[in-house]
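Inside the fold
One letter stands for each residue in the lines below.
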Amino acid sequence: MTPHEVRTHDFAACRRGVDPDEVREFQARVADELAMLNEAVRLLSQENDRIKRALRDWQTLHARECGPPQEHPHNSGHW
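Computed from a predicted structure; not experimentally measured.

Glancing now at the overall build of the protein chain. Each helix and strand counted, the protein chain has 2 helices and 0 strands in total. Taken as a whole, the protein chain presents about 7700 Å² of accessible surface, with 57% of it coming from carbon and sulfur.

With that out of the way, let us pick up the pattern of salt bridges. Applying the stated criterion to the full structure yields 5 salt bridges. A salt bridge links Asp-10 to Arg-24, with the shortest nitrogen-to-oxygen separation between them at 2.9 Å. Pair noted here: Asp-10 is in the loop between α1 (3–8) and α2 (20–66) and Arg-24 is in helix α2, with a separation of 14 residues, a long-range link. Exposure remark for Arg-24: the relative accessible area of 39% places this residue in the partly exposed category. Linking Arg-42 and Glu-39 is a salt bridge whose minimum nitrogen-to-oxygen distance equals 2.6 Å.

Another aspect to go through is the layout of surface pockets. Volume-wise, the largest pocket comes out at about 220 Å³. Across the lining of the largest pocket, the residue classes tally to 7 nonpolar, 1 polar and 3 charged.

What follows deals with the side chain of Gln-27. Among the structural elements, Gln-27 can be located in helix α2. Only 2.7 Å separates the side chain of Gln-27 from the backbone oxygen of Val-6, close enough to count as a polar contact. The residues contacting Gln-27, other than those within four sequence positions of it, are Val-6, Arg-7, His-9 and Phe-11.

Mapped onto the elements, Glu-47 comes out in helix α2. Overall, Glu-47 belongs to the partly exposed group, its relative accessible area being 35%. A polar atom in the side chain of Glu-47 sits 2.8 Å from the side chain of Arg-50.

Criteria and cut-off values
- Along each chain, numbering runs from 1 in the same order as the chain's sequence is written.
- Reporting of local features is limited, given that this is a predicted model, to residues whose pLDDT is at least 70; pairs of side-chain atoms are given and counted only at 80 or more, and all residues count toward the totals for whole chains, interfaces and linings.
- Excluding hydrogens and water, the side-chain values take into account all heavy atoms of the structure.
- By definition, any uninterrupted DSSP run of H or I lasting at least four residues is a helix, any uninterrupted run of E lasting at least two residues is a strand, and each is numbered from the N terminus.
- The accessible surface values rely on the Shrake-Rupley method and a 1.4 Å probe; as for residues, cover is taken only from the protein chains in view.
- Here a salt bridge means any side-chain nitrogen of Lys or Arg lying within 4 Å of a carboxyl oxygen belonging to Asp or Glu.
- The cut-offs for exposure are 20% and 50% of the maximum accessible area for each residue type, with area from a 1.4 Å probe on protein chains only; residues under the lower value are buried, those over the upper are exposed, and the others partly exposed.
- With a 1 Å grid spanning the protein atoms alone, the term cavity applies to any set of points in which a 1.4 Å probe fits but cannot get out, the term pocket to an open set with protein on both sides within 12 Å along at least five of seven lines, and the term lining residue to any residue with an atom within 4 Å of a point.
- Grid points are joined across faces, edges and corners, and a volume is the space filled by probe spheres set on the points.
- Three residue categories are used. Nonpolar comprises Ala, Val, Leu, Ile, Met, Phe, Trp, Tyr, Cys and Pro, charged comprises Asp, Glu, Lys and Arg, and polar comprises the others, including Gly.
- Side-chain atoms alone can form a polar contact between residues adjacent in sequence; in general such a contact is a pair of N or O atoms within 3.5 Å, and within protein one must be able to donate a hydrogen while the other accepts it.
- By definition, residues are in contact when any of their heavy atoms lie within 4.5 Å.

Below, the structure written as structure tokens:
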């Protein structure tokens, strides 16, 4: 659902209806919150893409610098 859909949704009239001004005020608040959340998701998605690219670049560079792992016939460590 988009903020525009929230703002422009019409409700059917009924016998014991609600205050239309309150409904519109609530719709405006919900639409504003939805717009802010959509923007936050967009920005986080961009940041996520940037971090993924940086990680891939680092992995490529690291793989070039280190070369393939070398086989050791025995463990030379303390344990």
